[in-house]
Every structure is written in C-alpha cells, then in structure tokens.
Amino acid sequence: DDDDDDDDYDDDDTLFLRVTACEIYNDTVWDLIGDEKLACTLRTNATGQLVVQRHGQSEQLAGVKPGGGGGEHATLVTLSQNPRAKHVYNAEDLHEIHRSCVTQRACGNSTTHHESSRSHAILRLEVTNKGLQRAEDRLRLIEAQLPAVRNALDNARVAASRIRYSEYIRVLRACDKQDASSSGELSADDYCISDVSDIGKICLCDVEDGQVGRTVEEWAERLGESSLQIRYVSVLKEYPGGEVEIKAKEAENEQEQRLLEKLLAEKERDLIDATKNYEELLSKGPSVLGGSMLLVDLAGADYDHRTGTEQKESIAINQSLLALKECFRSLSNVSKRRPPFRDSKLTRLLQDSLAPSNTTQRRNKESVSVMLVNVSPAAQLEKGTVNALRYGQMYAIKDGNSAMHTRQRRRAVDPEVLAAVRKIYQEKAPEKTTKQVETILSKYEGREALLLAKVRAKYLC
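Quick look at the structure, then. Note that the coordinates shown come from a computational prediction; the quantities given were computed from them, not determined experimentally.

## Let's talk about the nonpolar core
And step 1. Ranked by internal contacts, the top residues of the largest apolar core, which has 22 residues, are Ile24, Val29, Val52, Leu324, Phe328, Leu349 and Leu354.
And step 2. Elements with a minimum of two residues in this core: β1 (16-25), β3 (38-44), α5 (308-331), α6 (345-354) and α7 (382-396).
And step 3. Broken down by element, the residue count for this core peaks at six residues, all from α5.
And step 4. When neighbours within four sequence positions are excluded, isoleucine 24 is seen to be in contact with Val29, Ser119, His120, Ile122, Lys345, Leu346 and Leu349.
And step 5. Of all hydrophobic cores here, the second largest spans twelve residues; its members include Leu61, Val77, Ala144 and Ala156.

This is the structure in structure tokens:
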C-alpha cells in the first residue's frame, strides 16, 4: 500500500500518525501523496463503510484452476490498494506532507482571485503503530482471497454436473412416454425444440415443416401423438474411453472439491483469527490507538457565468456544497428528509464523521466536528460573507437539538434591536400590519441585527 517504510522506529508499539491526503476535483478523487497525483475510486468494504482506494492489481489464486470463462466464476485475487500514506512522528514530518499536498492540489481562477482552490481536500490522520498495521494488512489479504476460493469451489461443483452431460435442451415429449423416459435424459422419441416465440409458437428440429411455428396441441395433431408436453432434458456427452473415462473425471473432480473445501475452511479460520488478533491489538493498546482526525478544506462556492473548464469546476464545487448543506439541514432537523449523503462523493466520505452508523469500524462512535468559516470584512464581499456565516450557523446546530439552540438565540436577542426594527416599520412602512412585521422578525430569528441594517438601508438612507 505504498506506506512510508523508512522509519527510525523498529518496535511494534511506538505510536505514529499514518497520514493520507486526497482531493475531490470535478467529482474525481485523487491521491495527493507522492510525486504525482493518482486517480482513486470509492468502494464499500466488508462492513459497509465507504473507503478511498487506488486501482488494485489482480493475480490468479495459487493452487486452483483459472476460472472466468464459459460462465465460470473468476478465481482472481484482487487486492485493492489503499491510498499512499506517510508516517508522521513530529511536526516537521507533517509540514512536509502539507507542502507537498498544497503543490499537488488543483488551483485556478475564481471570481474572487486567481489562486483559488478548485477542489475539496481531505487530510486524514490516524493514530497507529507497526503491529496494528501488519494485522490490518493480513486481514485485508485474507478478505481478498476468500471470494476467489469460494468461486473456485463453485466452479468445481458446476463442473461435476457437466462431466456426463453437455447441456440441457427443451423437447416435446409424448405424455404416454413420460414413465418410460423419466430419467430426464434425451430420448430417441423426443422432438427437439429450436425456438419458442413470445406467443407460444414452437419450432422443431429435424422435423418436416419444423420451422413453422405451432402450439403444443397443433404439433400433437401434426405428429400423430395423443398429447405432448414441453420438457427439459440433458444431453449425454460421448467419451472415447466410455464409462471408464467418465469415472476417472468424476474422481478427479471429487478430489478437487475436497481440496478446495479444505482450503476454504482454512481461510475462514484464518479470517476469524486475523479479526480477533486485530481487535485484541486495538483493545490492549492505548485508548488513542485507532483514533483518527479528518481535516477538510472545502473549496468556496463560486457563482459566475464563465464557460469551459472554469464553469465545470464551479458547478462541481457548488453541487457538492449544496449536498453538504442539505445533510446539515437534515441533521439539525431543519429538514425532515434523511441526510442525502449519497448525493456527492464529498458527503459520502464525510458520513462516518458527521453521522456514524452502527456498522462503523471506529472504536468510539461519538464524533466531534468543528467548522472554521472563512469570512471577509470587505464591503464588496458582504453577500458571500453572510452566506458563509449562515452555512456555519446551520452546521452549528447539526447535533439534532435545534430547539435548544432556538431558545438560546431567543434569550440572546437585544431588545433594543427589536424595538428599533418595529419603530422603523411603524414610521416608514405603516401599511405593514403588526402580524406582518412579526412574521418578518421570525424569518430573521437569530439575525435581527442584519434585519435592522437592511431596513435602515432601505427606509432611512
């Protein structure tokens, strides 16, 4: 997994930070660690968690026959690669990673300035040690091998049924001959079907006028049979060695199945043992072992009418920020719909941090999140600043207890601000009723000072 192996610490218990970095640019995830960026994919692991992975390499499972052709299951072991990682033991290590990632990250023009981040960057710092890393690598390898072993066993079982029989075909069989030909094998008295139309018309092989579609009853009359029935029968294979050769192939197949069943049992025991070992290392280690922190730098929303690459970048950024906003609305009970984490790759990656599920692999399912809102005092950026603050305000109440925050905001309102707003409406907009004024105040709940600034600008300037 391209982890940094040049460590000065050789013992298994020394804690360090395993750092990965990626960016989401135009809905594509890129690995930023290393000399060049690498495209990644999002995959769901065995516990249902979404993870970032690089394109893995496949190799044939040792000791089994290659599969994948003629309807067989593939027996390849595909070990997906984790994002490249660096090990951090001090602040300078982290600074070096930061400098490298900033250089790799996508930047370009925005409507605000010419050196703007055009992607969402995610820096993940996980507390681990070498012992835990080896246990995790062993677990991943076994999980990758198991599907190939199961597929190989399925292939062998299917092959057993095909030793004597080449295929199954449909035939018309006389009902009075069912008992005589009850073995399910092709009989000399059967009429082989070549095609059945959507309306039930049947065509036969090696029969005069067989390509003329007829119903079962019409064929019975045409062939002089009292009644016919559609049956599925097997066609026996012919071997030069006859029954002796068939018996030899069946014995070989039985031996193959026994070996694969033994291998599958061993891998399943190895999986239990590897899982137990991994969990024991976590439980016996320090409480911080396995903990992680995600640092996410969101690209700023950009509303413009440019064309080409710049417009495509802005659309991708805005769509993912909107998806994140809707997740905040749902988590804060502003919206009654379920958090739409699947609406963007950004929200899918942040789901385990914002709303951990019962299947999360984290030791502590509680999550603490902090948002830093970037604002500007420049007058020309007032709209963007206000929107950013509203975005942060929605995030601040995402803990699902919005009613408590509402009460806190009500207690914090400056009564002089409310009085000033009501007075301006009363003197400058007497056509507005008291109910209409209170409705406006309710819409600006928690933002009464902003409302006062707006009505002053409208009626007093």
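## Focus: the pattern of salt bridges
And step 1. Under the definition given, this model contains 19 salt bridges.
And step 2. Aspartate 273 is the partner of arginine 138 in a salt bridge, and the nearest nitrogen-oxygen pair spans 3.1 Å. Within this pair, whereas arginine 138 is found in helix α2 (residues 130-161), its partner aspartate 273 is found in helix α4 (residues 242-284), the two being separated by 135 residues in sequence.
And step 3. On the basis of relative accessible area, aspartate 273 is assigned to the partly exposed category, the value being 39%.
And step 4. The structure contains a network of salt bridges with shared partners spanning Arg164, Glu243, Lys247 and Glu250.

## Brief notes about the environment of leucine 321
And step 1. Summarising the element assignment, leucine 321 is placed in helix α5.
And step 2. It is 8.8 Å that separates the C-alpha atoms of leucine 321 and serine 344, two residues lying 23 residues apart in sequence.
And step 3. Setting aside anything within four residues of it in sequence, one finds leucine 321 in contact with His120, Leu298, Ala299, Gly300, Ala301 and Tyr391.

## Side note on the pairing of strand β4 (residues 50-60)
And step 1. By the bridge criterion, five bridges tie β3 to β4 in an arrangement that is antiparallel. Bridge pairing in β4 links leucine 42 to valine 52.
And step 2. Alignment of β4 against strand β5 (residues 76-81), held across five bridges, turns out to be antiparallel. Of the residues in β5, the one forming a bridge with serine 58 is threonine 78.

## Thoughts on the packing of α2 against α4
And step 1. Taken N-terminus to C-terminus, the directions of α2 and α4 make an angle of 160°; their axes are 8 Å apart at the nearest point. One element, α2, and the other, α4, form an angle in the roughly antiparallel class. Every pair of crossing elements has a handedness; the one defined by α2 and α4 is left-handed.
And step 2. Of the residues belonging to the contact of α2 with α4, the class tally is 19 nonpolar, six polar and eleven charged.

## Side note on α5
And step 1. For α5, which comprises 24 residues, the first-to-last C-alpha distance of 35 Å matches the rise-based estimate of 34 Å (1.5 Å per residue) to within 8%.
And step 2. Immediately beyond the C-terminal end of α5, within one or two residues, lies asparagine 333, with a positive phi of roughly 70°.

Thresholds, definitions, all that
Numbering of residues begins from 1 in every chain and follows the order in which that chain's sequence is written. Where local features are concerned, this predicted model is filtered to residues with pLDDT of at least 70; where side-chain atom pairs are given and counted, the filter is 80 or more; whole-chain, interface and lining totals use all residues. Water and hydrogen atoms were dropped before computing side-chain values, which therefore reflect all heavy atoms in the structure. We define a nonpolar core as any set of buried Ala, Val, Leu, Ile, Met, Phe, Trp, Tyr and Cys residues linked to one another through side-chain atoms lying within 4.5 Å. In this scheme, a residue with accessible area under 20% of its type's maximum is buried, one over 50% is exposed, and one in between is partly exposed, where area comes from a 1.4 Å probe on protein chains only. Helix and strand definitions here come from DSSP, where helices need a minimum of 4 consecutive H or I residues and strands a minimum of 2 consecutive E residues; each element is numbered from the N-terminal end. Here, residues are in contact when the closest pair of their heavy atoms is within 4.5 Å. Basic side-chain nitrogens of Lys or Arg form a salt bridge, by our definition, when they fall within 4 Å of a carboxyl oxygen of Asp or Glu. Pairs of strands are assigned from DSSP output, requiring at least two bridges between the strands. Angular values range over 0 to 180 degrees, each being the angle between N-to-C directions of two axes fitted as lines to C-alpha atoms, with helices fitted over their stretch in contact. Orientation labels follow simple angle bins: below 35 degrees gives roughly parallel, above 145 gives roughly antiparallel, 65 to 115 gives roughly perpendicular, and whatever is left gives oblique. A crossing counts as left-handed when the near helix is turned anticlockwise from the far one by less than a right angle, and as right-handed when that turn is clockwise. In this classification, Asp, Glu, Lys and Arg are treated as charged, Ala, Val, Leu, Ile, Met, Phe, Trp, Tyr, Cys and Pro as nonpolar, and every other residue, Gly included, as polar. Expected span, for any helix, means 1.5 Å times one less than how many residues it has.

Read these as spatial facts, not as claims about activity.
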